[in-house]
Amino acid sequence: MTAQPEYTGPLGPVPPMRTLAELRQALTRHGFPGDRQKFDTELDAVDLDDLTRVREITQAYRHRVLLRCDPEAMAALMRPTDDVAVELGQKLAERHAR
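Not measured: the values here are computed from a predicted model.

Confidence along the protein chain averages 86 in pLDDT terms, with 88% of residues attaining 70 or more. Considering each helix and strand of the protein chain separately, the mean pLDDT is smallest for strand E1 (residues 8-9), with a value of 56, and largest for helix H2 (residues 35-45), with 96.

Written out as structure tokens, the structure is:
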């Protein structure tokens, strides 16, 4: 795998996720509720010789841990739907006004 950048989020340093065991541990400690179980279920359902699919699954769950450790990403995820709808409406109105 590629080298991972050093990053410290509100939960502390991002845990190492170079192996499946490290990713499982990171999901248990830093993932969203149920991520570890969903990860194991998805991996159990795929042929481990299908390296493309295994990579897609591991990258998706690694990304979830990174999101959880990023305060800006978490703030964006926690925004109320109404706020997002108003902001999108304003941007669309600005675009149509041009």
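This paragraph deals with the packing of H2 against helix H3 (residues 51-69). The interhelical angle for the contact between H2 and H3, taken along N-to-C directions, is 175°, at an axis separation of 10 Å. The angle between the axes of H2 and H3 places the two elements in the roughly antiparallel class. Facing H2, whose interface residues are Asp35, Lys38, Phe39, Glu42 and Leu43, H3 presents Arg53, Val54, Ile57, Thr58, Tyr61 and Arg64. Partitioned by chemical class, the residues of the contact of H2 with H3 number five nonpolar, one polar and five charged.

Judged by nonpolar contacts, the single largest core of 13 residues is most densely connected at Met17, Leu27, Phe39, Leu43, Ile57 and Val65. When residues of this core are traced back to their parent elements, those giving at least two are helix H1 (20-30), H2 and H3. Top element by residues in this core is H3. It accounts for five residues. With near-sequence residues (within four places) excluded, valine 65 lies in contact with Pro15, Met17, Ala26, Leu27 and His30.

Taken residue by residue, H1 has Leu23, Ala26, Leu27 and His30 as its buried positions. Angularly, the buried residues of H1 cover 100° about the axis, an arc narrow enough to put them on a single face. Exposed and oriented more than 90 degrees from the buried face of H1 are Ala21, Thr28 and Arg29. In this structure, the buried side of H1 is in contact with H2 and H3.

Looking now at the packing of aromatic side chains. In this description, an aromatic ring pair is defined by two values, namely the gap between the centres and the angle between the planes. Within this structure, the stated rule accounts for one aromatic pair. Judged by centre distance (5.3 Å) and plane angle (65°), the rings of phenylalanine 39 and tyrosine 61 are edge-to-face. Highlighted residues: phenylalanine 39 in helix H2 and tyrosine 61 in helix H3, separated in sequence by 22 residues. Of the residues examined, tyrosine 61 reaches a relative accessible area of 6% and is grouped as buried. Over the aromatic face of phenylalanine 32 sits the side chain of arginine 68, whose NZ or CZ is 4.9 Å from the ring centroid.

This structure, assessed with the given rule, holds eight salt bridges. When the shortest N-O distance is used, the salt bridge between arginine 53 and glutamate 56 registers 3.2 Å. Linking arginine 53 with glutamate 56, this pair stays in helix H3, spanning three residues, or about one helical turn. Assessed through its relative accessible area of 32%, arginine 53 is described here as partly exposed. Several salt bridges share partner residues, and in doing so they unite Arg24, Arg36 and Asp40 into one network.

Cut-offs used in this document
Residues numbered from 1 in each chain as written. Predicted model: local features only at pLDDT ≥ 70, side-chain atom pairs only at ≥ 80, totals over all residues. Heavy atoms only, no water. pLDDT = per-residue confidence, 0-100. Helix = DSSP H or I, 4+ residues; strand = E, 2+ residues; numbered from the N terminus. Axes fitted to C-alpha atoms, helices over the stretch in contact; angles between N-to-C directions. Parallel < 35°, antiparallel > 145°, perpendicular 65-115°, else oblique. Contact = heavy atoms within 4.5 Å. Nonpolar A, V, L, I, M, F, W, Y, C, P; charged D, E, K, R; others polar. Core = buried A, V, L, I, M, F, W, Y, C linked by side-chain atoms within 4.5 Å. Buried < 20%, exposed > 50% of the residue type's maximum accessible area, 1.4 Å probe, protein only. Arc of directions from axis to C-beta. Phe/Tyr/Trp six-rings, centres within 6.5 Å; stacked < 30°, edge-to-face > 60°. Lys NZ or Arg CZ within 6 Å of the ring centre and 35° of its normal. Salt bridge = Lys/Arg side-chain N within 4 Å of Asp/Glu carboxyl O.

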